[in-house]
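Overview (structure and organization)
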Amino acid sequence: SLPAKLINGGIAGLIGVTCVFPIDLAKTRLQNQQNGQRMYASLSDCLIKTIRSEGYFGMYRGAAVNLTLVTPEKAIKLAANDFFRHHLSKDGKKLTLLREMLAGCGAGTCQVIVTTPMEMLKIQLQDAGRIAAQKKLMAAQAQLSSSPAAAAAEPAVEARTTATQITRELLRSKGIAGLYKGLGATLLRDVPFSIVYFPLFANLNKLGQKDPSVKAPFYVSFLSGCVAGSTAAVAVNPCDVIKTRLQSLQRGVNEDTYSGILDCTKKIWQREGPTAFFKGAYCRALVIAPLFGIAQVVYFIGIAEFLLDMLPKHRA
């Protein structure tokens, strides 16, 4: 049933995000740093420096936004894919690869309704620590060159901005369109991701089914979700880099600004080289693999069906 699918998708998203959010934070910071302004050398370096400067919970900056909106996002994505697969199938026959890709395309298009504002807010909070650290470093270097005594002074405490404050400011200054900045880039990332992910997952999962009418074991669904998720994540990483750069409202010292997808692509290619489009690719694979592995296990186990079945018994 649709309610069960929505609940399963939501639970799957909550569990997955909680497990992998620190890696996602590192991915955002690695993708946003530009040549000459590198604060972090790798995933581990980013996480270590984040803990030292912002504490353990600094790795979860922006998690509240993600946890709040990931439920409808994952619910829409998984339920929409099932909806399109059902309506594209003819008389219960096996879907062709093209129809599986069309179903994934429909799911990716539907999810951006929630994904775009969620990513927009999350990126501001995730990247705030990198920009603050960069400013402190630049200030310390300037003070050291002018006065060693001033450099030893206690640095100013960073005033943390909340998602609510960012939302209010965007709505006040730009209206609802402010929350949908980078919509085109989000579509450019999520539609191809879903086109690759869902058919690949479905076919990998079928390999573990002894009978078409019987669900594959949970570990097959988990491994299929991991492999399909990491493959799709790396394939669309250039689009994710562009989306992250476009949705960042604040820039570090001497960092480029962009007017759109083409301008962003051109500047990254010319100033940072083609390898810049794969910044954070391994982080994204590490995030997406367990996220979708966990999501598919929860979704296919059907926790919601159990809960919904229990309601009439409880009332009785």
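An unreviewed UniProt entry annotates the chain as Mitochondrial glutamate carrier 1 originating from Climacteris rufus. In its Subcellular location (unreviewed entry) section, the UniProt entry covering the chain states "Mitochondrion inner membrane". Among the UniProt annotations of the chain, the heading Catalytic activity (unreviewed entry) holds the following wording: "L-glutamate(in) + H(+)(in) = L-glutamate(out) + H(+)(out)".

So, the packing of helix H7 (residues 183–206) against helix H9 (residues 237–247)
One can describe the packing of H7 onto H9 by two numbers: an axis separation of 9 Å at closest approach and a directional angle of 160°. Classified by the angle their axes make, H7 and H9 are roughly antiparallel. Considering only the axes of H7 and H9, their crossing is left-handed. Of the residues in H9, those touching H7 at Ala 185, Thr 186, Leu 188 and Arg 189 are Cys 239, Asp 240, Lys 243, Leu 246 and Gln 247. Residues of the contact of H7 with H9, tallied by class, amount to four nonpolar, two polar and three charged.

Considerations on the packing of aromatic side chains
Under the criterion given, the structure shown has 10 aromatic pairs. When the centroid spacing of 5.7 Å and the interplanar angle of 10° are considered together, the rings of Phe 193 and Tyr 197 count as stacked. Of this pair, Phe 193 and Tyr 197 both sit in helix H7, separated by four residues, roughly a single helical turn. Taking relative accessible area as the criterion, Phe 193 reaches 2% and is therefore assigned buried. For Tyr 197, a relative accessible area of 0% corresponds to the buried category. Relative to Phe 292, the ring of Tyr 197 has its centre 4.7 Å away and its plane inclined at 55°; by these criteria the two rings are tilted. On the criterion of sequence distance, the pair formed by Tyr 197 in helix H7 and Phe 292 in helix H11 (residues 281–301) is long-range, its members being 95 residues apart.

A short note on a nonpolar patch on the surface
On the surface, Phe 218, Tyr 219, Phe 222 and Leu 223 cluster together to form a nonpolar patch covering roughly 430 Å² of accessible area. Locating Phe 218 in the fold gives a position in helix H8 (residues 218–235).

What counts and how
- Residues numbered from 1 in each chain as written.
- Predicted model: local features only at pLDDT ≥ 70, side-chain atom pairs only at ≥ 80, totals over all residues.
- Heavy atoms only, no water.
- UniProt positions renumbered as here; feature names shortened; annotations may be inferred.
- Axes fitted to C-alpha atoms, helices over the stretch in contact; angles between N-to-C directions.
- Helix = DSSP H or I, 4+ residues; strand = E, 2+ residues; numbered from the N terminus.
- Parallel < 35°, antiparallel > 145°, perpendicular 65-115°, else oblique.
- Left-handed = near helix turned anticlockwise from the far one by under 90°.
- Contact = heavy atoms within 4.5 Å.
- Nonpolar A, V, L, I, M, F, W, Y, C, P; charged D, E, K, R; others polar.
- Phe/Tyr/Trp six-rings, centres within 6.5 Å; stacked < 30°, edge-to-face > 60°.
- Buried < 20%, exposed > 50% of the residue type's maximum accessible area, 1.4 Å probe, protein only.
- Patch = residues over 30% accessible without salt bridge, like charges linked within 9 Å, V, L, I, M, F, W, Y side chains within 5 Å.
- Areas by Shrake-Rupley, 256 points an atom, 1.4 Å probe, with all protein chains shown as cover.
- Salt bridge = Lys/Arg side-chain N within 4 Å of Asp/Glu carboxyl O.

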